[in-house]
Amino acid sequence: MNKALKDARAKLFEMFFSLAEVFGFEVVRINVEKGFMVANAKIGKEVKRVYFFYIPKMGARAFFEDSEFPEYLLKHALEIGLTKNLNGKELLQRVER
């Protein structure tokens with residue numbers, strides 16, 4: 001494996017864990033190859049899913065489970081092969097696997 005790629009993946013992994021630690025989120029899943037993390041956030045007595053995506057030139061972006069995904073995120077997911085169309089439900093299904 002290319003050393004630069006390996007280093008980039010390690011930094012992305014560290015970034016996701018640092019974000020979870022800072023916000024007190026429980027990590028459910030991290031996929032550094034596709035650049036996302038799924039976490040649980042305790043808000044009051046509720047637990048909600050939070051989805052973090054790393055988008056080149058934009059950095060990390062977080063979205064709660066009940067929010068609409070912006071078009072730029074859906075386009076990014078399509079470009080990297082995470083979804084087959086611009087559909088938020090499909091994106092959620094893919095990252096939850």
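Residues numbered from 1 in each chain as written. Predicted model: local features only at pLDDT ≥ 70, side-chain atom pairs only at ≥ 80, totals over all residues. Heavy atoms only, no water.

A look at the environment of Leu74
Point 1. Examined against the element boundaries, Leu74 turns out to sit in helix 2 (residues 71-79).
Point 2. Accessibility expressed as a relative area gives 11% for Leu74, which makes it buried.
Point 3. C-alpha separation for the pair Leu74 and Glu90, spaced 16 residues apart in sequence, amounts to 9.9 Å.
Point 4. Once residues within four sequence positions are removed from consideration, Leu74 is found in contact with Phe69, Thr83, Leu86, Asn87, Gly88 and Leu91. (Helix = DSSP H or I, 4+ residues; strand = E, 2+ residues; numbered from the N terminus. Buried < 20%, exposed > 50% of the residue type's maximum accessible area, 1.4 Å probe, protein only. Contact = heavy atoms within 4.5 Å.)

Topic: the pairing of strand 2 (residues 36-43)
Point 1. Of all eight residues in strand 2, six are buried, a share of seventy percent or more.
Point 2. Of the strand pairs in this sheet, strand 1 (residues 26-31) and strand 2 are connected by five bridges, and their pairing is antiparallel. What sits directly across from Ile30, in strand 2, is Met37.
Point 3. Between the antiparallel neighbours strand 1 and strand 2 lie four residues, among them Gly35 with a positive phi of about 80 degrees.
Point 4. Linking strand 2 to strand 3 (residues 46-55), which pair antiparallel, is a turn of two residues; within it Gly44 sits at a positive phi near 65 degrees. (Pairing = 2+ DSSP bridges.)

Let's talk about helix 2
Point 1. Of the residues making up helix 2, those classed as buried are Leu73, Leu74, His76 and Ala77. Summarising the axial view, the buried residues of helix 2 lie within an arc of 160 degrees, below the 170-degree limit, and thus occupy one face.
Point 2. Considering only its buried residues, helix 2 is in contact with strand 3, strand 4 (59-64) and helix 3 (88-96).
Point 3. Just downstream of helix 2 lies Gly81, where phi reads positive at about 80 degrees. (Arc of directions from axis to C-beta.)

A short note on the sheet that holds strand 1
Point 1. Spatial ordering of the open sheet is given by 1-2-3-4, a layout of four strands whose pairing is antiparallel. Edge positions in the open sheet fall to strand 1 and strand 4, since each of these has one partner strand only. For this sheet the average axis-to-axis angle between neighbouring strands, irrespective of direction, equals 25 degrees.
Point 2. Strand direction decides the pairing type here: strand 2 and strand 3, joined by eight bridges, are antiparallel. (Axes fitted to C-alpha atoms, helices over the stretch in contact; angles between N-to-C directions.)

Thoughts on the side chain of His76
Point 1. Following the sequence through the fold, His76 ends up in helix 2.
Point 2. Among residues more than four places away in sequence, those in contact with His76 are Tyr54, Ile55 and Pro56.

Here we look at the packing of aromatic side chains
Point 1. Summed over all chains, the structure comprises eight aromatic pairs.
Point 2. Ring geometry for Phe23 versus Phe25: centroids 5.6 Å apart, planes at 20 degrees, classification stacked.
Point 3. Residue classification places Phe23 among the exposed positions, given a relative accessible area of 52%.
Point 4. For Phe25, a relative accessible area of 17% puts it in the buried group.
Point 5. An angle of 75 degrees between the planes, with centres 6.3 Å apart, marks the rings of Tyr51 and Phe69 as edge-to-face. (Phe/Tyr/Trp six-rings, centres within 6.5 Å; stacked < 30°, edge-to-face > 60°.)

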